Amino acid sequence: MFSSVMTMQADAYLKCIDPKCGLEYAIESTNVECEKGHMLDVKYKNKPSDSLKEIFYERRNSQGNIFNESGVWRFRELLNFCQIDTEDIEQCSKNLVSLDGAEGRLSKPYHMSKAAEFVGISNDNLWLQPEGYNPSGSFKDNGMATAVTHAKMIGAKKIVCASTGNTSAAAGMFAANEGINCDVYIPAGQIAPGKLSQAYQFGAQIVEVDGNFDDALKQSLDDAKNHDGYTVNSINPFRIEGQKTIPFRALEYLNWEAPDWIVYPGGALGNTSSCGKALMELYEWGWIKKIPRIAVINSEGASTLSDLYNGKFEDEELRWNKGNPNTELISRYYDHLDKEGLRPKTKATAIQIGRPANILKGLRALEFTNGVVTTVSDSDMLDAMSVVGLNGFDCEMASGASAVGVKKLINEGIINKDDKIVGILTGRQKDAMLPVDYHNNPKNEFANPPKN
Ligand code: F0G
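Now for a description of the structure that goes with this document. (Residues numbered from 1 in each chain as written. Predicted model: local features only at pLDDT ≥ 70, side-chain atom pairs only at ≥ 80, totals over all residues. Heavy atoms only, no water.)

### As for the side chain of Asp 183
Take Asp 183: it is sitting in strand S6 (residues 181–187). Leave out the neighbours within four places in its chain, and Asp 183 touches Lys 158, Ile 159, Val 160, Cys 161, Gln 205 and Asp 223. (Helix = DSSP H or I, 4+ residues; strand = E, 2+ residues; numbered from the N terminus. Contact = heavy atoms within 4.5 Å.)

Spelled out as structure tokens, the structure:
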């Protein structure tokens, strides 16, 4: 199954993330890991000139080109794994998957005064970047555009994923648009109705798994392997390429002056991994002079990364450790969860994940950026989701983790009040009853109950 070692003239290739292993594969490979079982990165031989900053800026006047309109493909030189002439519209149209330029088009950082007040910081120092205005309603469209581009490049007939909901919506949408099949594995009864209905609407084949997301991921990987499916979960390195454009857009709007912090909710850690890779590349190329710190916010009920990173399991603080992470500690933690019957449990179902598949890339990102990890409660996330709404922006409960996570880290003195912070609001509301229930309960801090 493993494709042959890369041909040396290629500009883009795959490389194992383990520095002691470092196996390389041709860009056409569909492996999500090397033959020793380590994750892969997309690597580029060329160092992009920072004069591209000007070109990216000019493309915001799209001149009718959907690949300029797209907030993903606008940065196509920085994710040119197709190795095409990026100025040639015909080559772009033939190769790059896009929903008419809509992915990433509306996402950029905004000041939100009510959210800043809630967090307890000056409005000038906090930006929140809604990714919910992507065509399928979450940040997943950024990475799905690139993963499905790679699927198309290798001629895949079917894409496969496991999902807490948003991934399946994005996968279903692009698959339908490209005329390829899509199987989605979902934890039965544990995903927001709005997400499930999108997968049906886009014609995806839903496979209900009696278990949680971690079980669904295992089953979907087996299906992909045994039935020639192409995996589009974030363990796919091409997903990570597209998700790099989330920090690219944030940095561009800040004139490439890095903020002090970039804050994400933590689930499978694809976002953390892609932000880390984006920052590593930009720093290496000299595009940014300062490295923002990444803060990952877990739910209290699904806190694997926080537990391990903060030394709450066996008193050891798990680190990337320059490519020598203590993977046995991770295995023992998972064994411990199984033995004690501990299942991830949070109302923020998007991040109800016990075994973050990208944990090693996530740790690498945290080490590079001197990052931090913390947890927030369900009621904190609901409050933050509601406050974001008061600024006229819609986000889902898991996204509330970014805003309330900043609040918590400020209260703990980890984030300073004069730091500049970008928080990512990962998806829009797809569980219509959640805000209704929140506002009908006067005990909730920001509830605005109905009058009669
Ligand atoms: N926020 C939202 C709205 C999500 O849907 C997810 C993940 C995350 C945050 C966590 O991001 O995995 O990169 O750490 N949802 C996945 C899904 C797992 O299947 O839709 P992550």
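### As for the site of the ligand
Taken together, 19 residues sit near the ligand, with Lys 140, Thr 164, Gly 267, Ala 268 and Thr 426 positioned nearest. Taking Gly 267, its main chain carries an N or O atom lying 2.7 Å from an oxygen atom of the ligand. Contact distances for the ligand include 2.8 Å between an oxygen atom and a backbone N or O atom of Asn 271. When the ligand is considered free in solution it has 480 Å² of accessible area, and contact with the protein chains removes 98% of it. Within the residue set of the shell around the ligand, elements represented by two or more residues are helix H6 (166–178) and helix H11 (270–284). When its residues are assigned to classes, the shell around the ligand shows six nonpolar, eleven polar and two charged. (Near = heavy atom within 4 Å. Polar contact = N/O pair within 3.5 Å; in protein donor to acceptor, adjacent residues only side chain to side chain. Areas by Shrake-Rupley, 256 points an atom, 1.4 Å probe, with all protein chains shown as cover. Nonpolar A, V, L, I, M, F, W, Y, C, P; charged D, E, K, R; others polar.)

### A word on the sheet that holds strand S11 (residues 372–376)
One open sheet holds the five strands; their spatial order is S4-S12-S9-S10-S11, and the pairing between them is parallel. Each of the sheet's edge strands pairs with one partner strand only, and the pair in question is strand S4 (126–130) and S11. Each neighbouring strand pair of the sheet contributes to a mean axis angle of 25°, computed without reference to strand direction. Where strand S10 (residues 293–299) lies against S11, five bridges are found, and the strand directions are parallel. What sits directly across from Ala 295, in S11, is Val 372. Here helix H16 (residues 397–411) sits on the sheet in contact with S4, strand S9 (261–265), S10, S11 and strand S12 (421–425), set at roughly 110° to S11. (Pairing = 2+ DSSP bridges. Axes fitted to C-alpha atoms, helices over the stretch in contact; angles between N-to-C directions.)

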